[in-house]
Amino acid sequence: MNNQKHPTKQKHELQVEELLSEMTIREKLGQCVMIEPCFCVAERVSEQFGESYTGTDDPEFLSMLLEKYHIGAFLFGGASQIGDGSAEAWASYIGRVTQHNQKTRLKIPMMYGIDAVHGVNFMKGSTIYTHNLALAATWNPTLTEQYAKTVGAELSALGFNINFAPTIDTARDVRWGRVYESLGEDPFLASQIAGALVKGMQSAGNLAGCAKHFIGYGESRNGMDRTQADLSDRVLLEMHAPPFEKAIEEGVLTMMVNGADVNGVPVPVSKKLLTGLLRDKLNFQGITLSDWEDVERLYSRHKVVTNRKESLVRSFNAGLDMNMAVCNIGAVDSMEEAVQEGLICEQRLDQAVRNILLTKFKLGLFDAKPVNISDAATRVGNAESKAIAKQLALESITLLKNENEILPLSKRSQSILITGQSAASKRHLCAGWTLGWASAKEEDLDCETVLDAIKSIVSADTSITFAATAEELKALKVSPSDFDVCISVISEEPHAEWVGDSMDLSLEQAEQDILQASIDTGIPVVMVSMIGRPLKMTWVDENVAALLWIYSPGTEGAASTAEILFGDANPSGKLPISFPKDGSQVPCVYNARSYQSDEIWTRYEPLYEFGFGLSYTHFTYSNLRVPNRVKVGENLEVIVTVTNSGQRAGDEIVQLYLRDQFATVSRPLKSLKAFSRVSLEPGSSETVTLTLTPADLSLYDEELNFVEEKRTIDVLVENLVSEFSIEGSYTKS
Ligand code: GLC
């Protein structure tokens, strides 16, 4: 066992011990409380202390927070804005708070956290990227890492050092309003993208990522946000833990905790999950952070404590290091009482503060340079960020239907009818968490709409007619011969969190109306879905000629959409999530545990399946080579040849699934275990090697030991099937 710790880590640990020994109880407690200054002022919490402050900059206000309460971290909620919302305003505010913090006795640097979940999405002029579900649809960890690195650099240039991202929950129920923020239904794909996001975001070393929301948030009992989840240990380990394991492997520095009740215990007070699973089994070393006021909700919502002080005590003793207390500055007083009463032991307090201080040392905060405001301003909406955002949109866009290959359209089409209010909307392109918690104001975004992008890509002779609503369209009294094609852009009101929960997955009425009116014209309809997650598309699939899912593609997404519609680019996105036929077919996931049987209703029959996506060209697979056997502990190399047998260049995502022929426990119908994106010119081929590790071949046995059980396994790549056997013996971990 190499107990030679990394010299830097050793140095930081010594510095932490030295600092810890100088700190008072109150100073330690202040490190464990994260406050939202804008909310404090808006809620006039200072009046509880007999004072009233003019604003977040008020020196008296900052003195109260930093010197009296020793608060060690600020966050800024989705609705908060500093000054005019510019880079200069944000960077200079953080600079002023940092300066004020120099008045404190120990000058322990502050952490500043915010949600930059699809770009620096709280700041005007910043590039807004597509959301996480579309990142997963690119199946491109390399590009994803580049995106995260770019966003991380822009965010830390402003002075922030925690990004409350990535959301890495596996979404196992599409009724959930946050599916668009997730990385889809599959733990392996979610892990690969999660790892890339953490690695990219933390690559500069001065910004902490925040893996969220540990654990089981994406599979509540009825799909609604934050309602109870009853998940077996097996489901937690097989379907929800892998992305968090990967984030931890990539060194994620903070972990935000799911505030909901999982198996009868809200996670913030679940010692089994916060300490037993997260620390002891998954070996997470960083800061555990509550979600917004979730400690308070243990009392106000979950009723698992009889008073507010007990909520602080129970969560802290369960393993929560930092409380996103928002306005509850008094939490420091209550916790100080709890320490004096022996309800919180100093050893646990020191452990939490160690995690926090070690993270601050790792981020270099103790010798951080002052915020460089001009550097911050140059990064806002720069060419690099726009190029990456456009490429992500291009690679995520998924073609779900293309009857008679109506797409791509001709740029020299004579006349095109465009319908749907979202075609002319910027805020629908960006969806939730944009310049606000839910949605930006149209006038605050500066980007092309889909309508703009189509107008600029078609020839000068092409006539474009636009109708935003069903009423407008009906008033045009069009006949089928008037137009070559109708492009109908369908979306949904931007939303965040529980606001987006959908019981029956139906389209919003106005969207249904304009789509129906478009179809009623008798003109062939190409539907462009700007809906961030799967809704019910069965009727759509039966009535449109083509369906292109662009997700919520962000400020650069309109150009990408037009390029794919008119053939300058070839769609290559693959579904990271299944489309159920309707709301009654939920949960509908490709990797449910299942019998291999027809007489029992266990079949997976969605409208569009996980991993599906059409192209303007065609790919054929051949020569699948799989060794007959593999020894326990050894890698297995699978080789396959992919050929572009069509007329256009295109990208294909080679997907490798495993299917246990037999095992000692019930297994998923199949499991994604490797993938690779290849770019092929027409007629060319590529031989792809996909490597499976012993972990890919392992399973949780009946006692939940993770073992490489001897068995025979099918290998599925597109339409090709082979098999191999695992030989040798294994030791139970
Ligand atoms: C919200 C979200 C969480 C976000 C936090 C801070 O409640 O659940 O994802 O990071 O508040 O804005």
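Residues numbered from 1 in each chain as written. Predicted model: local features only at pLDDT ≥ 70, side-chain atom pairs only at ≥ 80, totals over all residues. Heavy atoms only, no water.

Colleague: Could you clarify how one ought to interpret the sheet that holds strand 9 (residues 287-289) in this entry?
Modeller: Sheet strands associate in pairs through backbone hydrogen bonding, adopting either a parallel or an antiparallel arrangement. An order of 5-6-9 is seen for the three strands of this open sheet, with the pairing classed as parallel. Single-partner strands in this sheet number two, and they are strand 5 (210-214) and strand 9. Neighbour to neighbour, the strand axes of the sheet diverge by 25° on average, direction disregarded. Relative to strand 5, helix 9 (residues 233-249) is tilted by about 155°, and along the sheet it contacts strand 5 and strand 6 (254-257). (Pairing = 2+ DSSP bridges. Helix = DSSP H or I, 4+ residues; strand = E, 2+ residues; numbered from the N terminus. Axes fitted to C-alpha atoms, helices over the stretch in contact; angles between N-to-C directions. Contact = heavy atoms within 4.5 Å.)

Colleague: Mind showing me how you'd approach the packing of helix 8 (residues 187-201) against helix 9 here?
Modeller: Packed helices, taken two at a time, are described by the angle their axes make and the gap between the axes. For the pair helix 8 and helix 9, interaxial distance at closest approach is 8 Å and the crossing angle is 20°. Taken together, the axes of helix 8 and helix 9 lie roughly parallel to each other. The way helix 8 lies across helix 9 gives a crossing that is right-handed. Taken together, the residues of helix 9 that come into contact with helix 8 (itself represented by Pro-187, Ala-190, Ser-191, Gln-192, Ala-194, Gly-195 and Val-198) are Glu-238, Met-239, Pro-242, Pro-243, Lys-246 and Ala-247. Residue classes in the contact of helix 8 with helix 9 are distributed as eight nonpolar, three polar and two charged. (Parallel < 35°, antiparallel > 145°, perpendicular 65-115°, else oblique. Left-handed = near helix turned anticlockwise from the far one by under 90°. Nonpolar A, V, L, I, M, F, W, Y, C, P; charged D, E, K, R; others polar.)

Colleague: Please explain the packing of aromatic side chains as it appears in this structure.
Modeller: Both the distance between ring centres and the angle between the ring planes are used here to describe each pair of aromatic rings. As enumerated under the stated definition, the model contains 23 aromatic pairs in all. Ring geometry for Phe-214 against Phe-244: centres 5.2 Å apart, planes inclined by 90°, an arrangement best described as edge-to-face. A residue pair is termed long-range when its members are at least 10 positions apart, and Phe-214 in strand 5 and Phe-244 in helix 9 qualify at 30 residues. For Phe-214, a relative accessible area of 0% translates into the label buried. Ring centres of Tyr-590 and Tyr-657 lie 5.7 Å apart, and the angle between their planes is 80°; this geometry places the pair in the edge-to-face category. Taken as a pair, Tyr-590 in the loop between helix 22 (557-565) and strand 17 (619-625) and Tyr-657 in strand 20 (residues 650-660) lie far apart in primary sequence, 67 residues in all. Residue Tyr-590 is classed as buried on the basis of its relative accessible area, which comes to 2%. Ring pairs connect the aromatic residues Trp-139, Phe-188, Tyr-590, Phe-610, Tyr-657 and Phe-675, which therefore count as one cluster. The ring of Tyr-299 carries the charged tip of Lys-303 above its face, separated from the ring centre by 5.8 Å. (Phe/Tyr/Trp six-rings, centres within 6.5 Å; stacked < 30°, edge-to-face > 60°. Buried < 20%, exposed > 50% of the residue type's maximum accessible area, 1.4 Å probe, protein only. Lys NZ or Arg CZ within 6 Å of the ring centre and 35° of its normal.)

Colleague: Looking at this model, I keep getting lost on the side chain of Asn-101. Mind explaining?
Modeller: The topology assignment puts Asn-101 in the loop between helix 5 (87-100) and strand 3 (111-114). Here Asn-101 falls in the buried class, since its relative accessible area comes to 4%. For Asn-101, the contacting residues outside a window of four places in its chain are Leu-66, Lys-107, Ile-108, Pro-109 and Met-110.

Colleague: Is there a simple way to think about the site of the ligand in this case?
Modeller: In the region of the ligand, the neighbouring residues are Asp-115, Phe-164, Arg-178, Lys-212, His-213, Arg-226, Met-256, Asp-291, Trp-292, Trp-433 and Glu-497. Contact distances for the ligand include 2.9 Å between an oxygen atom and a side-chain N or O atom of Arg-226. The side chain of Glu-497 places a nitrogen or oxygen atom 3.2 Å from an oxygen atom of the ligand. Contact with the protein chains hides 96% of the accessible area of the ligand, taken as 310 Å² for the molecule alone. (Near = heavy atom within 4 Å. Polar contact = N/O pair within 3.5 Å; in protein donor to acceptor, adjacent residues only side chain to side chain. Areas by Shrake-Rupley, 256 points an atom, 1.4 Å probe, with all protein chains shown as cover.)

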